[in-house]
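Letter by letter, the chains look like this.
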Amino acid sequence: AAGFWINISRYALLKLKSRKVVSRNWRPFMLAFVKDIDTRLDLVKIAQYLGQNRGVLTIANLRKREEISSVKHRKDLELEMSNKLENHGFEAFCEVHAVDDFKSGLVEIAIGHGLADLQTNTIVMGLSETIDGLNTQVTCLSRLAHFGHNIMLCKFNQPLPQKATSIDL
């Protein structure tokens, strides 16, 4: 059954490649950097709300290279993330990336993320609560700004509601 869906996906990607995407057909292909789903659930919610199930949402978790012992360990962490999202009623792809340095890792992953012509167009991050974290984010944002991504840096003063009827930005 997986082979069938891969063939369908391949066919759709090749068809999409031959079509020009106009602004009315624009869809959000979001990459949200989330350190911990349980403590950053509002970040996942806002990305899900904005996407309105019309785009693609990927939740990325960056780990120091020495924290990832094997491919199996990385896959287990991704499965754990997927299960947490599913338990909260969210649909998203999950990725765990082993990086040497958070700044360069975040930027490289954000720039290269996507599949075929479906490149990430929106980067979502929570506002860091530490001075070092804020400095890292400023550096990353200035680098990402050169690549034409939409960038959302979020800070929540109160929890988001279960269902959003409108979102004011």
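Look above for the structure.
What comes next concerns the included structure. None of the values given here were measured: they were computed from a predicted structure. (Residues numbered from 1 in each chain as written. Predicted model: local features only at pLDDT ≥ 70, side-chain atom pairs only at ≥ 80, totals over all residues. Heavy atoms only, no water.)

**Brief notes about a nonpolar patch on the surface**
Taken together, Phe4, Trp5 and Ile8 make up a surface patch of nonpolar side chains, about 350 Å² in accessible area. Relative to the elements of secondary structure, Phe4 occurs in helix α1 (residues 2-17). (Patch = residues over 30% accessible without salt bridge, like charges linked within 9 Å, V, L, I, M, F, W, Y side chains within 5 Å. Areas by Shrake-Rupley, 256 points an atom, 1.4 Å probe, with all protein chains shown as cover. Salt bridge = Lys/Arg side-chain N within 4 Å of Asp/Glu carboxyl O. Helix = DSSP H or I, 4+ residues; strand = E, 2+ residues; numbered from the N terminus.)

**Quick word on the pattern of salt bridges**
Per the counting criterion, the structure on display carries nine salt bridges. Here Arg63 and Glu67 are joined by a salt bridge, their closest N and O atoms 3.8 Å apart. We classify Arg63 as partly exposed; its relative accessible area is 25%. Given the relative accessible area of 40%, Glu67 is considered partly exposed. (Buried < 20%, exposed > 50% of the residue type's maximum accessible area, 1.4 Å probe, protein only.)

**Section: the sheet that holds strand β3 (residues 93-99)**
An order of β3-β2-β1-β6-β7 is seen for the five strands of this open sheet, with the pairing classed as parallel. On the outer flanks of this sheet lie β3 and β7 (150-154), each paired with one strand and no other. For this sheet the average axis-to-axis angle between neighbouring strands, irrespective of direction, equals 25°. Examined bridge by bridge, strand β6 (residues 122-126) and β7 share five bridges and lie parallel to one another. (Pairing = 2+ DSSP bridges. Axes fitted to C-alpha atoms, helices over the stretch in contact; angles between N-to-C directions.)

**A short note on the environment of Lys75**
On the secondary structure map, Lys75 appears in helix α3 (residues 71-87). Relative accessible area serves as the criterion here: at 45%, Lys75 is assigned to the partly exposed category. Each C-alpha atom, one on Lys75 and one on Leu57, is 18 Å from the other, the two residues being 18 residues apart in sequence.

**Side note on the packing of helix α4 (residues 102-112) against helix α5 (residues 131-144)**
Contact geometry of α4 with α5 gives a least axis separation of 9 Å together with a crossing angle of 30°. In terms of axis orientation, α4 runs roughly parallel to α5. For the element pair α4 and α5, the recorded crossing hand is right-handed. Touching Lys103, Ser104, Leu106, Val107, Ala110 and Ile111 of α4 are Thr136, Thr139, Cys140, Arg143 and Leu144, all from α5. (Parallel < 35°, antiparallel > 145°, perpendicular 65-115°, else oblique. Left-handed = near helix turned anticlockwise from the far one by under 90°. Contact = heavy atoms within 4.5 Å.)

**Some details on the pairing of β6**
Burial analysis of β6 places five of its five residues in the buried class, which makes it a mostly covered element. The alternating pattern of β6 places Thr122, Val124 and Gly126 on one face and Ile123 and Met125 on the opposite face, and all of these are buried. Where strand β1 (residues 29-33) lies against β6, four bridges are found, and the strand directions are parallel. Bridging from a neighbouring strand, Leu31 pairs with Ile123 of β6. Regarding topology, α5 serves as the crossover connection from β6 to the parallel β7, and that connection is right-handed. (Right-handed = clockwise from strand over helix to strand, strands pointing away.)

**Description of the side chain of Thr122**
Within the fold, Thr122 resides in strand β6. Among the polar contacts listed, one links the side chain of Thr122 to the side chain of Asn121, at a separation of 2.9 Å. Among the polar contacts listed, one links the side chain of Thr122 to the side chain of Asn150, at a separation of 3.4 Å. Discounting chain neighbours no more than four positions away, the residues touching Thr122 are Trp26, Phe29, Met30, Leu31, Asn150 and Met152. (Polar contact = N/O pair within 3.5 Å; in protein donor to acceptor, adjacent residues only side chain to side chain.)

**Overview of the nonpolar core**
If you look at the biggest cluster of nonpolar residues, it comprises 23 residues, and the most contacted ones within it are Val34, Ile59, Leu85 and Val124. Those elements giving two or more residues to this core turn out to be β1, α2 (41-51), β2 (56-64), α3, β3 and β7. With six residues, the top contributor of residues to this core is α2. Residues within four places of Leu85 in sequence aside, it is in contact with Ile37, Val44, Ile59, Phe90, Ala92 and Cys94. (Core = buried A, V, L, I, M, F, W, Y, C linked by side-chain atoms within 4.5 Å.)

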